[in-house]
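Residues per chain, in single letters:
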Amino acid sequence: MLFKVALKSLWNRRITFCLTVLSIAISIFVLLGVEHVRKEARESFGRTVSGVDLIVGARTSQLNLLLYSVFRIGNATNNISWQSYQTLSANKAVAWSIPISLGDSHRGYRVMGTSEDYFEHFRFGPQKPLVFSAGQPFSEVFDVVLGADVARSLDYQMGQKLVLSHGLGKTSFTKHDDKPFRVVGVLQSTGTPVDQTLHVSLAGIEAIHVDWPNGVQRPGVSISAEQALRHDLTPSNITAFMLGLNSKMATFRIQRDINEYRYEPLVAILPGVALAELWQMMSSMEKILLLISVLVLLASLIGMATMLLASMRERYREIAVLRAVGASSWFIFLLIELEAMLITLTGLSLALLGLWSAISLAQDYLSEQYGLFISTDFYSPNVGVLLLLIFAATFVMALLPAVNAYRRSVQSGVNNS
Amino acid sequence: MVQSEESVQPELVVEMKDVHFSYSGDKSGRNQRAVLHIPHWQVASGQQVFIQGPSGCGKTTLLNLLTGMLTPDRGSICLLNKNLVTMSGHQRDRFRARHIGVVFQQFNLIPYLSVADNIGLATYFGKSLAKGQGKFADSKIVALLEQLQMPKALLTQRADSLSVGQQQRVAIARALINDPEVLVVDEPTSALDCTASDAFMKLLLEVSRDNNSTLLFVSHDQRLASNFDEIICLTELNRVVADAV
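Residues numbered from 1 in each chain as written. Chains lettered and ligands numbered in written order. Predicted model: local features only at pLDDT ≥ 70, side-chain atom pairs only at ≥ 80, totals over all residues. Heavy atoms only, no water.

### Brief notes about the overall build of chain B
Each helix and strand counted, chain B has eight helices and 10 strands in total. When each of the 245 residues of chain B is scored for burial, the buried share is 53%. Contacts in chain B between residues at least 24 apart in sequence constitute 74% of all its contacts with a sequence separation of at least 6. Just so you have it, chain B exposes about 10900 Å², and 50% of that area is on carbon and sulfur atoms. (Helix = DSSP H or I, 4+ residues; strand = E, 2+ residues; numbered from the N terminus. Buried < 20%, exposed > 50% of the residue type's maximum accessible area, 1.4 Å probe, protein only. Contact = heavy atoms within 4.5 Å. Areas by Shrake-Rupley, 256 points an atom, 1.4 Å probe, with all protein chains shown as cover.)

### Looking at the overall build of chain A
When you go through chain A residue by residue, the secondary structure sums to 12 helices and 15 strands. Taking 2.2 N^0.38 as the reference for a compact globule, 417 residues should give roughly 22 Å; the C-alpha atoms of chain A span a radius of gyration of 30 Å, well beyond that estimate. Dimensions along the principal axes, computed over C-alpha positions, put chain A at roughly 105 × 45 × 35 Å. Counting across all 417 residues of chain A, residues that qualify as buried make up 51%. Expressed as a percentage of contacts within chain A between residues at least 6 apart in sequence, the contacts between residues at least 24 apart total 78%. Of the accessible surface of chain A, which amounts to about 19100 Å², a share of 60% is contributed by carbon and sulfur atoms. (Rg over C-alpha atoms; globule rule 2.2 N^0.38 Å.)

### Observations regarding helix α3 (residues 62–70) of chain A
Residues and elements named next belong to chain A. Burial analysis of α3 places eight of its nine residues in the buried class, the great majority of the element. Those residues of α3 lying buried are L63, N64, L65, L66, L67, Y68, S69 and V70. Buried-residue contacts for α3 involve α2 (14–46), β1 (54–58), β3 (94–106), β14 (240–245), β15 (266–269) and α10 (271–324). Positive phi shows up at R72, right after α3, with a value of about 60°.

### A word on the interface of chain A and chain B
Taken together, the 27 residues of chain A in the interface contact 26 residues of chain B. Across the interface of chain A and chain B, roughly 2400 Å² is buried in total on both sides, 65% from carbon and sulfur atoms. Remark: the boundary between chain A and chain B carries three salt bridges. Salt-bridge contacts for D117(B) lead to K8(A); the nearest nitrogen and oxygen are separated by 2.8 Å. Only α1 (2–12), α10, α11 (329–370) and α12 (381–411) of chain A provide two or more residues apiece to the side of chain A that touches chain B. In terms of residues, the side of chain A that touches chain B owes the most to one element, α10(A), which gives eight residues. (Buried area = accessible area lost by both parts, 1.4 Å probe. Salt bridge = Lys/Arg side-chain N within 4 Å of Asp/Glu carboxyl O.)

### A short note on helix α6 (residues 194–210) of chain B
Residue and element names in this part refer to chain B. For α6, spanning 17 residues, the distance from its first C-alpha to its last is 24 Å, which sits close to the expected 24 Å at 1.5 Å a residue. Here α6 has its buried residues at S197, F200, M201, L203, L204, L205, V207 and S208. Downstream of α6 by one or two residues, N212 has phi in the positive range, about 55°. (Expected span 1.5 Å × (residues − 1).)

### What to know about the packing of helix α5 (residues 164–176) of chain B against α6(B)
All names here are of chain B. Packing of α5 against α6 leaves a shortest axis separation of 11 Å and a crossing angle of 10°. Between α5 and α6, the angle is such that the two are roughly parallel. Of α6, the residues touching α5 (which contributes Q168, R169, I172 and L176) are F200, L203, L204 and V207. Considering only residue class, the contact of α5 with α6 consists of six nonpolar, one polar and one charged. (Axes fitted to C-alpha atoms, helices over the stretch in contact; angles between N-to-C directions. Parallel < 35°, antiparallel > 145°, perpendicular 65-115°, else oblique. Nonpolar A, V, L, I, M, F, W, Y, C, P; charged D, E, K, R; others polar.)

### As for the confidence of the model for chain B
Predicted coordinates in regions of low pLDDT should not be interpreted in detail. All names here are of chain B. Residue-level pLDDT values for chain B average 80, and 86% of them are 70 or greater. The least confident element of chain B, judged by mean pLDDT, is strand β1 (residues 2–4) at 42; the most confident is strand β5 (residues 74–79) at 91. Below a pLDDT of 50 lies the segment residues 1–9, which in the model reaches 16 contacts outside its immediate sequence neighbourhood of four places, other chains included. The complex model carries a pTM of 0.72, and its ipTM stands at 0.78. (pLDDT = per-residue confidence, 0-100.)

### Some thoughts on the packing of aromatic side chains
Applying the stated criterion across every chain, the model contains 17 aromatic pairs over all chains. With a centroid separation of 4.7 Å and 80° between ring planes, the pair formed by F331(A) and F125(B) is classed as edge-to-face. In this pair, F331(A) sits in helix α11 while F125(B) sits in helix α3 (residues 115–126), so the two residues belong to two different chains. For the ring pair F333(A) and Y406(A), a centre distance of 6.4 Å and an interplane angle of 85° mean the geometry is edge-to-face. One end of the pair, F333(A), is in helix α11; the other, Y406(A), is in helix α12, and 73 residues separate them in sequence. These aromatic residues form a ring-pair network of at least three members: Y118(A), F119(A), F122(A), F132(A) and F138(A). (Phe/Tyr/Trp six-rings, centres within 6.5 Å; stacked < 30°, edge-to-face > 60°.)

### Quick word on the packing of α2(A) against α10(A)
Residues and elements named next belong to chain A. The N-to-C vectors of α2 and α10 enclose an angle of 170°; their axes lie 9 Å apart at closest approach. Here α2 lies roughly antiparallel to α10, going by the angle between them. Note on packing geometry: the crossing formed by α2 with α10 is left-handed. Residues of the contact of α2 with α10, tallied by class, amount to 19 nonpolar, seven polar and three charged. (Left-handed = near helix turned anticlockwise from the far one by under 90°.)

### Description of the sheet that holds strand β3 (residues 33–44) of chain B
All names here are of chain B. As summarised here, the arrangement of the four strands in space is β3-β2-β5-β6, forming an open sheet in which the pairing is antiparallel. Each having just a single partner strand, β3 and β6 (82–83) make up the two edges of the open sheet. Bridge analysis of strand β2 (residues 12–23) against β3 gives 10 bridges, and the strand direction is antiparallel. Within the sheet, the bridge partner assigned to S22 lies in β3 and is A34. (Pairing = 2+ DSSP bridges.)

### Here we look at the pairing of β1(A)
Residues and elements named next belong to chain A. Counting buried positions along β1 yields five of five residues, so the element is predominantly enclosed. Note that β1 and β14 share four bridges and pair antiparallel. Bridge pairing in β14 places I55 opposite M242. In this structure, β1 lies alongside β15, joined through four bridges in antiparallel fashion. Note that in β15 the partner of I55 across the bridge is I269.

### Looking at the pattern of salt bridges
If the charged atoms of two oppositely charged side chains come close together, the side chains can form a pair. Residue and element names in this part refer to chain A. Per the counting criterion, the structure on display carries 17 salt bridges over all chains. Between R315 and E339 there is a salt bridge, and its shortest N-O distance comes to 2.7 Å. Of this pair, R315 sits in helix α10 while E339 sits in helix α11, and the two are 24 residues apart along the sequence. A single salt-bridge network, built from bridges that share partners, covers R13, R315, E318 and E339.

### Digging into the environment of K248(A)
All names here are of chain A. Note on placement: K248 falls in the loop between β14 and α9 (251–259). A relative accessible area of 56% means that K248 is categorised as exposed. Distance from K248 to D53, taken between C-alpha atoms, is 7.5 Å for residues 195 residues apart in sequence. Of the polar contacts made by the side chain of K248, one reaches the side chain of D53; its length is 2.5 Å. (Polar contact = N/O pair within 3.5 Å; in protein donor to acceptor, adjacent residues only side chain to side chain.)

### What to know about a nonpolar patch on the surface
Residue and element names in this part refer to chain A. Residues I15, L19, L22, I26 and V30 make up a contiguous nonpolar surface patch of roughly 490 Å² in combined accessible area. In this fold, V30 is placed in helix α2. In this structure V30 comes out as partly exposed when scored by relative accessible area, which is 31%. (Patch = residues over 30% accessible without salt bridge, like charges linked within 9 Å, V, L, I, M, F, W, Y side chains within 5 Å.)

What follows is the structure, encoded as structure tokens:
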């Protein structure tokens, strides 16, 4: 009966009820949205690479190197010579190495030149290897292996031919259309930037740039794919490389050796340390966002308490009637609290629905543009705690009108009209 | 002035002894306003009592004390041989729900609830029916409405869509649904015209008699007094007013 009275009472004031619910829904949407995106971004970044001991690139900040080499965000400041790569990867402490060559794209998706070792040694999430949903690694110069999202969004099939573009723009006017690549493999979805990447061999990258000295196509010169194959396709430089070491104990020694490498200014970073630095930088921003969201929620809850309090004047008769038929003062108190809880619960449901819809719609955009893979699974211990806090705050905020109603019901009698 | 038409009184339903009540002023106790002092008053079972008095003489306060919504500063108020003063608030609420039916001047119903829900509230608080007896409750509500000459179709209508007269009848149905021993009615005809008022009075007296309820009826309209077994003038019963006068 309490529930029924509370529901019908709220519905009786449906305009103010709907506006209050809307304001609470928006504030919970913001609060949970910030928390969910924060958590998902961390998880998304954290699962992108695992098992890589060092990432090496031209001297730059460790964050920049991490972002462009792993997350395909930003650009390298310089390249590394192939000679340096060979020298450093030949170190006895190095178990395996994965060269990375970036700079080209296909319809907005980045192209990564690498070796077959990439498919063998690269790990993501909890040490999960890359798995092919179709085909195999590239073996020919003009073979390409697609990430799952690329294949799905562009609807590419095995054996289909595609053309790479020079540079990273989504719309490019400089295409390597005289040297098309053939799809020989499609990777299974990883929930990492790998899904958004086209993988080709280093020789393939070299081949399409045979007639592009210094990054610009030589005017009036065109070298066909067949002619390019006759050139020496050993790369002269790469963008970065990943190293797996035989022993973790050697990590800091190798890092120091690379940082002090005398023939070229290089930097070696530990992915985990770079990520920690990223989170440290982000944490103050996260805290500010969280604080703003909490304040917005608080404002909405105060609005709800005001709405309930304002409605009390017209409800004194109702309270008198309830008391006359035997309702205790606690029933009156609980009625107001329950109404507040129902407002918050409705707002929360709307917020979750809105958040789910927004993330579903933005999922592809976020993964394509920022390499962020945000799931629609909201639940986490933090979200659980936030929900509890929201309901606790609702209870506290509703105390004012509830206590007002309680006191009124204790002090007054039948003639409250 | 106390006019009793019966010389032999059966079992007592109401007995008030040395009841003092005042509305509190500020926290220090200043501005405390004494409203009622009733040395002794009793009502026998089945009586239909008319309590009259001018505005401000404490009629509504008396009803609030009798229903346990207010507690006196001192004295005892026994209803059905139970002292309301020594009960806890919860016990008083439960007692009121089970044994007392209340009808106000107006605004008797929760406007946004249906007629059935308004009456159902009384069965809920009175717990007069065990769980699973919903159908029995519904049929009892229908029977009561029929007794009050109201169509069954009104059951699902919102209370605020009814006329004032219909609302008062629903209020009677709600007051009677738990078969209360005491029916407390506070100026129920004040919002009705003469014809509606007479019809209402006839109906109220009839149903309270049929239900064997003791009726305590408060009004300043002396025209209605002739319908009752006993007439109490509160200005004579209440020592505060008498002293002031």
